[in-house]
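Geometric and topological summary
Single-letter residue listing:
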Amino acid sequence: MINKILGVFLGLSCFLGQAQEEATPKKYDLDFNYFYGNIVEHNKDIGHLITGHPQGFIFSYNQKTFGEKEWQRHFNFPDLGASLIYQDMANPNLGDHIGIYAHYNFYFLNRYLLLRIGQGVSYNTNPYDSDTNYENIAYGTHLLASTYLLLNFSKKNLFKGFGLQGGINLIHYSNGNFKAPNTSTNTFSINLGLSYQLDHDEEFHYQTERSITNYSEPIHLNFTLKGGVQTSDVIGMDQFPFYILGTYLDKRVSYKSSVHLGSEIFLSPMLEELIYYRSIAYPEDGLQGDESSTRVGVFAGYQLHLGKTSIFGNLGYYVYYPYDFEGRTYLRAGIQRDLFKNFFGSLSVKSHAAKAEAMEFGIGYRL
């Protein structure tokens, strides 16, 4: 399994290295960070799984940008990269994680402060099993979606390409309620590492002149269709598809930013099954079993544009809410990519506070 993950990681590195076809300069570096920390008890149900201090390493490959594309100049020349993370969860029931990620590095304070945002998939060695590992209510599957944040002070090329860095990081693992149980974990750690700058003897120059300064667009109307597979927290309940039909207005207020306002309807057979189950298993809830599982929400959002790729977040509220499921407010965070004229694709996670409801795959059209 490790060989397969390493193979995918190397393939992702090669892909990222070739992703900027228009770029003329190319400069790469590697970094290795050891981390040591704690699992955050975001849910009291995982308290019995927090028995030690997780540790591991982050190995990363980064490609520098120099402003050959407009968006790079607006974001202080970020890096594009790929990461490999190994983590020992310090509890045999939680197992270990081996994951691959794509990431961005953003720089501040004269490029001494590095903020990394990474998204990927991780393999867990010991997920929940009703016979052999019933205590692991955090992970119901081997494969998990994972996000990590890293904030480091970094000094590159101190001596013949080698540099030092250190700071903090946060690693999140969840299967997005694809299969129960899915309490998930968040690890907060400190890290210390080395970097090595390839081609450190070569000179490269940043293209600092911005061709776009004051930028805005009129309001646009968008239509979206999202879907995926989900299950409830009831262990052993079947998985069901779900569908979300949405429409929203977006206003591009600057080259970097857009704001959204919209509505959406949620069609969830899982929720229909859960209502029926609870009407029988918990008669004290007073359910008849035929209550509507449909929900209608309104939301406001923000979108950060990184060329054809963007990061977005929404805050929503159910205006039609016949069955009480996890509360009336919801959050969504995700990534979006322009595909071809007026069409875009997205990957997002919808949650209620720290509890994920579903991982959403979407396609949209912008008028």
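Everything quoted here is computed from the prediction, not taken from an experiment.

When helices and strands are tallied, the protein shows three helices and 16 strands. The C-alpha radius of gyration of the protein comes to 22 Å, within 12% of the 21 Å expected for a compact globule of 367 residues. When burial is assessed residue by residue, the protein has 48% of its 367 residues classed as buried. Sequence separation of 24 or more characterises 61% of the internal contacts of the protein that already satisfy a separation of 6 or more. With an accessible surface of roughly 18000 Å², the protein has 61% of that area assigned to carbon and sulfur atoms.

So, about the side chain of Gln72. Tracing the sequence through the fold places Gln72 in helix α2 (residues 70–74). Owing to a relative accessible area of 0%, Gln72 belongs among the buried residues under this scheme. There is a polar contact of 3.1 Å between the side chain of Gln72 and the backbone nitrogen of Gly67.

Moving on: the sheet that holds strand β3 (residues 79–88). On the basis of which strands lie adjacent, the closed barrel formed by eight strands has the order β1-β2-β3-β4-β5-β6-β7-β8 and antiparallel pairing. Recorded for the sheet is a direction-independent mean angle of 25 degrees between the axes of neighbouring strands. Summarising the sheet, strand β2 (residues 55–63) and β3 pair through nine bridges and their orientation is antiparallel. Along β3, the bridge assignment pairs Asn62 with Gly81.

Moving on, we get to the environment of Ser351. Within the element layout of this structure, Ser351 appears in strand β15 (residues 343–352). Taking the relative accessible area as the measure of exposure, Ser351 reaches 12% and is therefore buried. For the pair Ser351 and Asn177, spaced 174 residues apart in the sequence, the C-alpha separation amounts to 9.9 Å. Excluding its chain neighbours within four sequence positions, the residues that come into contact with Ser351 are Tyr330, Leu331, Ala356 and Glu357. Among the polar contacts listed, one links the side chain of Ser351 to the backbone oxygen of Ala353, at a separation of 3.2 Å.

Sheets are built from strands paired through backbone hydrogen bonds, the pairs being either parallel or antiparallel. The eight strands lie next to each other as β9-β10-β11-β12-β13-β14-β15-β16, forming a closed barrel whose pairing is antiparallel. Strand after strand, the sheet turns through a mean of 25 degrees between neighbouring axes, direction not considered. In this fold helix α3 (residues 269–281) packs onto β9 (220–230), β10 (240–252), β11 (257–267) and β12 (295–306), with an angle of close to 130 degrees to the strand it touches most, β10.

Among the nonpolar cores identified, the biggest contains 18 residues, and Ile85, Leu94, Tyr139, Tyr148, Ile171 and Tyr173 are the most heavily contacted of them. Those elements giving two or more residues to this core turn out to be β1 (28–39), β4 (96–108), β6 (143–159) and β7 (162–174). For this core, the leading source of residues is β6, giving three residues. Not counting residues up to four positions away in its chain, the partners in contact with Tyr148 are Ile58, Ser60, Ser83, Ile85, Tyr101, His103, Arg116, Ile117, Gly118, Leu170 and Ile171. Counting residues in hydrophobic clusters, the runner-up holds ten residues, among them Ile244, Phe266, Tyr330 and Phe344.

The next thing to look at is α3. Residue pairs three or four apart in sequence face the same way in an α-helix, which turns once every 3.6 residues. Helix length check: α3 (13 residues) gives 18 Å between terminal C-alpha atoms against 18 Å at 1.5 Å per residue, within 8%. At its buried positions, α3 is contacted by β9, β10 and β12.

Here the protein averages 91 in pLDDT, while 93% of its residues score no lower than 70. Per-residue pLDDT, averaged within each element of the protein, yields its smallest value for helix α1 (residues 2–17) (43) and its largest for β11 (98). Scored below 50 in pLDDT, residues 1–24 shows 35 contacts in the model against residues more than four places distant or in partner chains.

Reading the values: the criteria
- Residues numbered from 1 in each chain as written.
- Predicted model: local features only at pLDDT ≥ 70, side-chain atom pairs only at ≥ 80, totals over all residues.
- Heavy atoms only, no water.
- Helix = DSSP H or I, 4+ residues; strand = E, 2+ residues; numbered from the N terminus.
- Rg over C-alpha atoms; globule rule 2.2 N^0.38 Å.
- Buried < 20%, exposed > 50% of the residue type's maximum accessible area, 1.4 Å probe, protein only.
- Contact = heavy atoms within 4.5 Å.
- Areas by Shrake-Rupley, 256 points an atom, 1.4 Å probe, with all protein chains shown as cover.
- Polar contact = N/O pair within 3.5 Å; in protein donor to acceptor, adjacent residues only side chain to side chain.
- Pairing = 2+ DSSP bridges.
- Axes fitted to C-alpha atoms, helices over the stretch in contact; angles between N-to-C directions.
- Core = buried A, V, L, I, M, F, W, Y, C linked by side-chain atoms within 4.5 Å.
- Expected span 1.5 Å × (residues − 1).
- pLDDT = per-residue confidence, 0-100.

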